[in-house]
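Secondary and tertiary structure notes
The lines below spell out each chain.
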Amino acid sequence: MSYPLVLTPLFIHVALAFALMLGAGTALGGRARLSRDRCAEALGDPYGLGVLFYVLTLASMLTRHADLAFVLLAFVFVTLRVLRAVTVMGGRGGTAPGLLDRASALVLAVAWGVFAVRILLGI
C-alpha cells in the first residue's frame, strides 16, 4: 500500500483532534461555555484509542503489514470517531457516544489482532 493511502485515516483523525482542541480553547458567541464543554467531551478519549491507533499505523508501516484490510479497518475506526464527535457536538448525548466508543474500540481491537497474528505467524 502507498504511504498516502495508509496515512490518510491517521491525518483525518489528527485533523479531528486539532479541530476539537481548537474548539475547546475558543469562545464563540453566547454559548461559549457549552461549546467548549462539548468540544472537550468530544475530544475526550478515556481508553487511549487515538494513541493505540497511531501506534498501530506506524507499526504497520514499519513492518510493511499495512495492506488493504488495515486501511479499511482504519477508515472504519476513524469514521466511528468522527461520528462520535459529531454526536457529542450536536448535543445528542445519551447512549450514542458510548456505543460509538465501544464500536471503535472493537474495530481497533480487530485491527490489532490481525496485525499481531500476521507478525507472530510471519504472514
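Residues numbered from 1 in each chain as written. Predicted model: local features only at pLDDT ≥ 70, side-chain atom pairs only at ≥ 80, totals over all residues. Heavy atoms only, no water.

Per an unreviewed UniProt entry, the recorded name for the protein chain is MAPEG family protein, and the organism is Rhodoplanes serenus.

When helices and strands are tallied, the protein chain shows five helices and zero strands. For the protein chain, the sequential pattern of α-helices and β-strands runs α-α-α-α-α. If you take every contact in the protein chain between residues at least 6 apart in sequence, the share linking residues at least 24 apart comes to 75%. A total accessible area of about 7100 Å² is found for the protein chain, and carbon and sulfur atoms account for 72% of it. (Helix = DSSP H or I, 4+ residues; strand = E, 2+ residues; numbered from the N terminus. Contact = heavy atoms within 4.5 Å. Areas by Shrake-Rupley, 256 points an atom, 1.4 Å probe, with all protein chains shown as cover.)

This part is about the nonpolar core. Val6, Phe53, Leu56, Phe70, Phe77 and Leu108 are the most contacted members of the largest nonpolar core, which has 19 residues in total. In terms of residues, this core owes the most to one element, helix α4 (residues 68-89), which gives six residues. Apart from residues no more than four positions distant in its own chain, Phe70 is found in contact with Val6, Leu56, Thr57, Ser60 and His65. (Core = buried A, V, L, I, M, F, W, Y, C linked by side-chain atoms within 4.5 Å. Buried < 20%, exposed > 50% of the residue type's maximum accessible area, 1.4 Å probe, protein only.)

The subject of this paragraph is the side chain of Thr57. Summarising the element assignment, Thr57 is placed in helix α3 (residues 49-62). At a separation of 2.9 Å, a polar atom in the side chain of Thr57 contacts the main-chain carbonyl oxygen of Phe53. When residues no more than four places from it in sequence are discounted, the contact partners of Thr57 are Val6, Leu7, Leu10 and Phe70. (Polar contact = N/O pair within 3.5 Å; in protein donor to acceptor, adjacent residues only side chain to side chain.)

Counted according to the given criterion, the structure contains three aromatic pairs. Seen from their ring centres, Phe53 and Tyr54 are 6.0 Å apart, and the 50 degrees between their planes marks the pair as tilted. Of the residues examined, Phe53 reaches a relative accessible area of 1% and is grouped as buried. On the numbers, 5.9 Å between centres and 85 degrees between planes, the contact of Trp112 with Phe115 is edge-to-face. A residue pair is termed a helical-turn pair when its members lie 3 or 4 positions apart in one helix, as Trp112 and Phe115 do in helix α5 (residues 96-121) at three residues. For Phe115, a relative accessible area of 12% translates into the label buried. (Phe/Tyr/Trp six-rings, centres within 6.5 Å; stacked < 30°, edge-to-face > 60°.)

This part is about the UniProt feature "transmembrane region" (unreviewed entry) in the protein chain. Taken from the UniProt record, the annotation "transmembrane region" (unreviewed entry) applies to residues 6-30, 68-87 and 99-121. A helix fraction of 100% and a strand fraction of 0% characterise residues 68-87, whose end C-alpha atoms lie 28 Å from each other. Helix makes up 100% of residues 99-121 and strand 0%, and the two end C-alpha atoms of the span are 33 Å apart. (UniProt positions renumbered as here; feature names shortened; annotations may be inferred.)

The next point concerns the pattern of salt bridges. As a working rule, side chains carrying opposite charge can pair if their charged atoms are close by. One pass over the full model with this rule turns up three salt bridges. We note a salt bridge from Arg81 to Asp101, for which the minimum N-O separation is 2.7 Å. Of this pair, Arg81 sits in helix α4 while Asp101 sits in helix α5, and the two are 20 residues apart along the sequence. Exposure class is identical for Arg81 and Asp101. Each is buried. (Salt bridge = Lys/Arg side-chain N within 4 Å of Asp/Glu carboxyl O.)

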